[in-house]
Amino acid sequence: MPAPEPENDAASDPQHYFTARPATADERRDLTVRLAGRDVTVETARGVFSGDRLDKGTAVLLPLLQDDPGAADRTGDVLDLGCGWGPVALSLALLRPRQVVHAVDVNERALDLLRRNAERLGVDVRASLPEAVDPALRFTEVWSNPPIRIGKEALHALLLQWLPRLAPGGRAHLVVQKNLGADSLQTWLASGVLPGTRTERATTSKGFRVLTVSRED
């Protein structure tokens, strides 16, 4: 009988949600994953979100990036919120060379990994701590596998900090596991907490919902 699949770092090593400098040993390793329709090798480590594989929720989100017609010609600033070692930000940079890709995380090890991975893949990603992002920046899109396990209050505060920074006509795409509160989060987002926006369920796959928050033009 095959061994059960180990839980990802989101459950087994939650310090990455809260810690700028993780206490776990910084043991780097190479991981081959499929991003932007190609197999690439990236550097990962313990103490960051899903450091041993591509997270299942992120794997649901990425096809929306790849299957977006006309994305290669878009301009503007886009954000990966809670970037980890960088699968979303790297995919954005590979698929949308004309856009400025920003990525934020509280985990400095994750940011270092993302910078190294971007250099390895020959793309430009502006990876930084949240407080280092210019508060005047407005994003045409925000992509996120948000840190659900920080708790509802902290999650709501995080989204209320970043989603109002959508530019007019901008959209945010959030992937959330159904059994970790995707439907209640959709209800909250649609309740009027973000004036001038609408929230809808873009897709459901493999136990995850992708919620899209759109700002009016």
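Going by the structure above, here's the rest.
Engineer: I would appreciate a short explanation of the sheet that holds strand E6 (residues 139-144) in the present structure.
Structural biologist: Strand order in this open sheet of seven strands is E5-E4-E3-E6-E7-E9-E8, and the pairing throughout is mixed. The strands lining the two open edges of the sheet, one partner per strand, are strand E5 (126-128) and strand E8 (197-205). Mean inter-strand twist for the sheet, computed between neighbouring axes without regard to direction, equals 15 degrees. Set on the sheet, helix H2 (residues 56-66) makes contact with E6, strand E7 (166-177), E8 and strand E9 (208-215); between it and E9 the angle comes to about 50 degrees. Set on the sheet, helix H3 (residues 87-95) makes contact with strand E3 (77-81), strand E4 (100-104) and E6; between it and E4 the angle comes to about 175 degrees.

Engineer: Explanation requested: the pairing of E7 in the structure shown.
Structural biologist: Examined bridge by bridge, E6 and E7 share five bridges and lie parallel to one another. Across the sheet, Ser-144 pairs through a bridge with Leu-174, a residue of E7. In this fold, the crossover linking E6 to E7 by way of helix H5 (residues 152-162) has right-handed handedness. The pairing of E7 with E9 spans seven bridges and is antiparallel. Along E9, the bridge assignment pairs Val-175 with Val-210.

Engineer: What exactly am I supposed to notice about the packing of H3 against helix H4 (residues 108-121) here?
Structural biologist: Any two packed helices are characterised by how steeply their axes cross, that is the angle between the axes, and by the distance between the axes. Between H3 and H4, the shortest axis-to-axis distance is 10 Å and the interhelical angle comes to 30 degrees. By the angle class used here, H3 and H4 are roughly parallel. The interaxial crossing formed by H3 with H4 has right-handed handedness. In this structure, H3 contributes Ala-89, Leu-90 and Leu-94 to the contact, and H4 contributes Leu-114, Asn-117, Ala-118 and Leu-121. Of the residues belonging to the contact of H3 with H4, the class tally is six nonpolar, one polar and no charged.

Calculation rules
Residues numbered from 1 in each chain as written. Predicted model: local features only at pLDDT ≥ 70, side-chain atom pairs only at ≥ 80, totals over all residues. Heavy atoms only, no water. Pairing = 2+ DSSP bridges. Helix = DSSP H or I, 4+ residues; strand = E, 2+ residues; numbered from the N terminus. Axes fitted to C-alpha atoms, helices over the stretch in contact; angles between N-to-C directions. Contact = heavy atoms within 4.5 Å. Right-handed = clockwise from strand over helix to strand, strands pointing away. Parallel < 35°, antiparallel > 145°, perpendicular 65-115°, else oblique. Left-handed = near helix turned anticlockwise from the far one by under 90°. Nonpolar A, V, L, I, M, F, W, Y, C, P; charged D, E, K, R; others polar.

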